[in-house]
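The chain contents come next:
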Amino acid sequence: MTDHTSNEYRGYRIDVTPKLDCEDRWDFDYTLTPLDGKGEVRRRSHTVNGQMTEDAARVAAIEVARTEVDNVIAMQGG
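Description of the structure in this document.

Calculation rules
Residues numbered from 1 in each chain as written. Predicted model: local features only at pLDDT ≥ 70, side-chain atom pairs only at ≥ 80, totals over all residues. Heavy atoms only, no water. Pairing = 2+ DSSP bridges. Helix = DSSP H or I, 4+ residues; strand = E, 2+ residues; numbered from the N terminus. Axes fitted to C-alpha atoms, helices over the stretch in contact; angles between N-to-C directions. Salt bridge = Lys/Arg side-chain N within 4 Å of Asp/Glu carboxyl O. Buried < 20%, exposed > 50% of the residue type's maximum accessible area, 1.4 Å probe, protein only. Expected span 1.5 Å × (residues − 1). Contact = heavy atoms within 4.5 Å. Phe/Tyr/Trp six-rings, centres within 6.5 Å; stacked < 30°, edge-to-face > 60°.

## Observations regarding the sheet that holds strand E4 (residues 42–51)
With respect to topology, 4 strands assemble into an open sheet ordered E1-E2-E3-E4, the strand pairing being antiparallel. One side of each edge strand has no neighbouring strand; the edge strands of this open sheet are strand E1 (5–9) and E4. Averaged over all pairs of adjacent strands, the angle between strand axes in this sheet comes to 25°, irrespective of strand direction. The pairing of strand E2 (residues 12–20) with strand E3 (residues 26–34) spans 9 bridges and is antiparallel. Directly across from Leu20, in E3, lies its bridge partner Trp26.

## Focus on the pattern of salt bridges
Tallied over the full model, the rule gives 7 salt bridges. Arg58 is the salt-bridge partner of Glu54, the closest N and O atoms lying 2.8 Å from each other. Remark: Arg58 and Glu54 occur in helix H1 (residues 54–75); sequence separation between them is 4 residues, near one turn of the helix. With relative accessibility at 13%, the residue Arg58 sits in the buried group. Here the salt bridges share partners, and the residues they tie into one network are Glu54, Asp55 and Arg58.

## Focus: H1
Between its first and last C-alpha atoms H1 spans 32 Å; for 22 residues at 1.5 Å apiece the expected length is 32 Å, and the two agree. Residues of H1 that are buried: Glu54, Ala57, Arg58, Ala60, Ala61, Ile62, Ala65, Glu68, Val69, Val72 and Ile73. Packed against the buried residues of H1 are E1, E2, E3 and E4. Where H1 terminates, the next one or two residues include Gly77, which has phi positive at roughly 85°.

## Here's the deal with the packing of aromatic side chains
Tallied over the entire structure, the rule returns 1 aromatic pair. Ring geometry for Phe28 against Tyr30: centres 6.3 Å apart, planes inclined by 35°, an arrangement best described as tilted. Accessibility classification places Phe28 together with Tyr30 in one group, the buried group.

Note that every value here comes from positions in space, so none of it alone points to a role or purpose.
Dropping the structure here:
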């Protein structure tokens, strides 16, 4: 099952979609959307060193996305 998961973190909505790769490992796509409607929507795809399970891919995606949010906020001086 490859439905998406949403999560909110530090003013962004994180939408994660796990996907099964050609080697039967789980990769993911994620989108960061500012909750205030300002700034750009960022879309990313992670296809290296897939995860063993769909749930592990969800957790990994959220952690990677949160790191990106932290970096974006730091670059904005926040």
